[in-house]
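If you want the building blocks of each chain, they are given just below.
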Amino acid sequence: MRRLTLLLFLLCPLWLCAQRQLIYQLQVQADPEKKAFQVTGSLRFTTSTPATDTVTMVMSRGQGHSRLQLEGRSAAMDTSTNESGDIVYHWRFSRPLPEGTVLRFSYVLDRGATPAFQFYIDSSFCMAGGYGSAWYPQVMARAADGTDNAIRGGGSIRVTTPAGFMPVMAASKMSTAIPTGAGQTTEFRYDQPDIFSLYIGHYTRQEYQGKYPFYTYSISKSVNGSQLSRQAAMVLDYLASLFGPLTIPNFSIIEFPDAVSERTGIGGASVLGGVVMPTGALHEFNYALFGHEIGHQWWGNKVLSKGRRGAEMLSEGMAQYGSLQVVSHFDSAHAIYYRKTGYAGYLRDQSGLGYLKNVAAGNDEPLSALTGGNGHTLGDSKGFLALELLSNVVGKSVFHKAMQTISNQYSRDGVSWDQFLHEIETAHGSSLQWFYRQWFERTGAPAWEQQWQQQGNHLQLTITQKDSLYQLPLEVLVTYKDGHQVMENINIDSRSETFQLPVTNAVASVQVDPYFKVLHWEDSLARIAYAQARPGRVLWLRMDGKDNEAASLAHSYLKEGIAGDTAGVEFSLLYQLGRITSTQNKPAEALGYYQRALQCASRVPELLAYTYFRIAQIAAGQHNTELMQWAGRNAITADEANQKADGMAAKVALLEN
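All values derive from a computational prediction rather than experimental measurement.

Peer 1: Break down empty space enclosed by the protein for me, with residues and values.
Peer 2: For the structure shown, the criterion picks out one cavity of 30 Å³ or more. Its boundaries defined by the atoms lining it, the largest cavity holds a volume of some 30 Å³. Considering the residues around the largest cavity, the lining is formed by Ala170, Tyr190, Asp194, Ile195, Phe196, Ser197 and Val271.

Set out below in structure tokens:
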């Protein structure tokens, strides 16, 4: 599986029930070859307390004529621009409307091809993601914490495309495409409200009929859609046994080109009733990746969050928790690596080591108050491990019963972070405030030292916490000199504690938390984390979309020099500069950085295969066959030395074809 540039799950907090029965009649005229995208239609909804005197809507700024008009009523209207560059329309009525008043709007949007987050068109593909781009007029409502969020709607969407292109919209009911002139028109019906996302390409569709109809929409011939759908169906069914049933008409796996992923920085997305992934992520089924994306069907789609507090944990953290459960169930031998240093083929920094590297780089926030890119960076590293530990403290069956209660009772109105925690505490039957305070309300992770000595039939084990105090359930693995092993369980809650454990033979070693079930500053991980602090700061800025700042910082570190570099710091900095310039569509500069990285004496094994592969990608784009083949061979060799963690053979084969 490919190392994804950025996983964006595009989920927003829940709105207050400010408008109801939002229905769209929407027509799209899209021609990727001409980079044309036009939207017309109407919408209606009924007003509801508390928003009966003001209506706010958002729509992209078009290249051509655009109009959004209230029909049959008068109101003062003004516009502003939001952070995404979209136009925000405000209608203010002279007096509050009666609750239940029906409002109707008409609209015309000549969207064109101006790129935006989650909106992209080239000659063969179009992405219009509703969670990231208001490519159609979105009705907004204000949540209790003052945030404005888009309301989900239903209705019908008719999409007209040239012949040979297929439009795809997940979680909808699709009618047969009808020829219209030189193209065809396909109608999608949404009986279940959604934020609309549209993908258009030269798709073929493969089906798998399980509990839900599964569809894989593929662009490349190398994607085995039937197998992907079958395995995804198994993952969805397993997560349903933990989180409760879903109410989706079908499930779609939608491919989009790797080149678009590179250009937009989007490595994958989850939408209601489907996942959207680049080609490279679909060659082999990755349990962590699909577990996370499918986990969002509950956390961020079925159950939305209310307010900012804990919102990222209710989406990112819980989806990643679901991902870990999938790995533990289907690939249990590798679950420890997922928790500790990362799952093969998935984002390695979404692990305990990834969190410690962020702390060493100066990036940490309480899990209940994550901001910006930290929803992914920290929610998908520390967050899911804290939730995993919580599930072990209360018991898996109790925890999942609470998740099913939340999934069932809060699917309509959403759940706040405090409600979420209260439901777990209720299921547990006693207070969990101690856990919430130490894992969700403060930064950091525990660190301890251990000393042991054997005294006849007893083992004296002393554990001393180094920094902040934690209350922790810990496993202790005692290994005897004859190879026999015994696991003991202890609890610590003070600065230093000594335990007397029974033993039956000569003890060879004692390991505290041998399977890394508690996120902590293990000595071997701490050394790596602090060595990689500088490239970690650069990566943090890049993942937060601050490419120029990231590049400037990387250059400053390189200028300072890295004395005694045995951890691949210079290599990592040059690799990050290559990624930044590649995303900025500067292939020549990116190639130079990657080639300089390969000249470093100390290199990072987890990045080496991808360094060669990035060179091969650039060479393929430049039609430099000799360089592409050389880099491709080395990418495969480096990958084999790293236990084929990144599946380079399939990626290189796709490039060469």
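Peer 1: I'd like a description of helix α4 (residues 311-330), backed by residues and values.
Peer 2: Here α4 contains 20 residues, and its C-alpha end-to-end distance of 28 Å stays within 8% of the 28 Å for a straight helix at 1.5 Å per residue. Taking the largest bend as the criterion, α4 deviates by roughly 30°, centred on Gly317. With 16 of its 20 residues buried, α4 lies for the most part within the structure.

Peer 1: Could you give an account of the packing of helix α17 (residues 605-621) against helix α18 (residues 625-641), naming the residues involved and the relevant values?
Peer 2: For the pair α17 and α18, the least separation of the axes is 8 Å and the interaxial angle reads 160°. With respect to each other, α17 and α18 are oriented roughly antiparallel. For the crossing formed where α17 meets α18, the hand is left-handed. On α18, the residues touching Leu608, Ala609, Tyr612, Phe613, Ile615, Ala616, Ala619 and Ala620 of α17 are Leu627, Met628, Trp630, Ala631, Gly632, Asn634, Ala635, Ala638 and Asp639. When its residues are assigned to classes, the contact of α17 with α18 shows 14 nonpolar, two polar and one charged.

Peer 1: Go over the packing of aromatic side chains, please, and point to the residues and values.
Peer 2: Within this structure, the stated rule accounts for 36 aromatic pairs. Aromatic pair Phe45 and Phe105: ring centres 5.9 Å apart, planes at 15°, arrangement stacked. Pair noted here: Phe45 is in strand β2 (residues 36-47) and Phe105 is in strand β7 (residues 102-110), with a separation of 60 residues, a long-range link. An identical accessibility class is assigned to Phe45 and Phe105; each is buried. For the pair Tyr338 and Tyr346, a centre-to-centre distance of 6.0 Å together with 90° between the ring planes defines the contact as edge-to-face. Tyr338 sits in the buried class, given a relative accessible area of 0%. Through pairs of rings, three or more aromatic residues link up here, namely Phe243, Trp298, Trp299, Trp417, Phe420, Trp434, Phe435, Tyr436, Trp439, Phe440 and Tyr470. One Lys or Arg, Arg111, reaches over the ring of Phe119 and ends 3.8 Å from the middle of that ring. Geometry around Tyr557 places Arg534 over its ring, the cationic atom sitting 6.0 Å from the centre.

About the thresholds
- Residues numbered from 1 in each chain as written.
- Predicted model: local features only at pLDDT ≥ 70, side-chain atom pairs only at ≥ 80, totals over all residues.
- Heavy atoms only, no water.
- 1 Å grid on protein atoms, 1.4 Å probe; cavity = no way out; pocket = protein on both sides within 12 Å on 5 of 7 lines; lining within 4 Å.
- Points joined across faces, edges and corners; volume = space filled by probe spheres on them.
- Helix = DSSP H or I, 4+ residues; strand = E, 2+ residues; numbered from the N terminus.
- Expected span 1.5 Å × (residues − 1).
- Bend = angle between axes of the 7 residues up to and from the residue.
- Buried < 20%, exposed > 50% of the residue type's maximum accessible area, 1.4 Å probe, protein only.
- Axes fitted to C-alpha atoms, helices over the stretch in contact; angles between N-to-C directions.
- Parallel < 35°, antiparallel > 145°, perpendicular 65-115°, else oblique.
- Left-handed = near helix turned anticlockwise from the far one by under 90°.
- Contact = heavy atoms within 4.5 Å.
- Nonpolar A, V, L, I, M, F, W, Y, C, P; charged D, E, K, R; others polar.
- Phe/Tyr/Trp six-rings, centres within 6.5 Å; stacked < 30°, edge-to-face > 60°.
- Lys NZ or Arg CZ within 6 Å of the ring centre and 35° of its normal.

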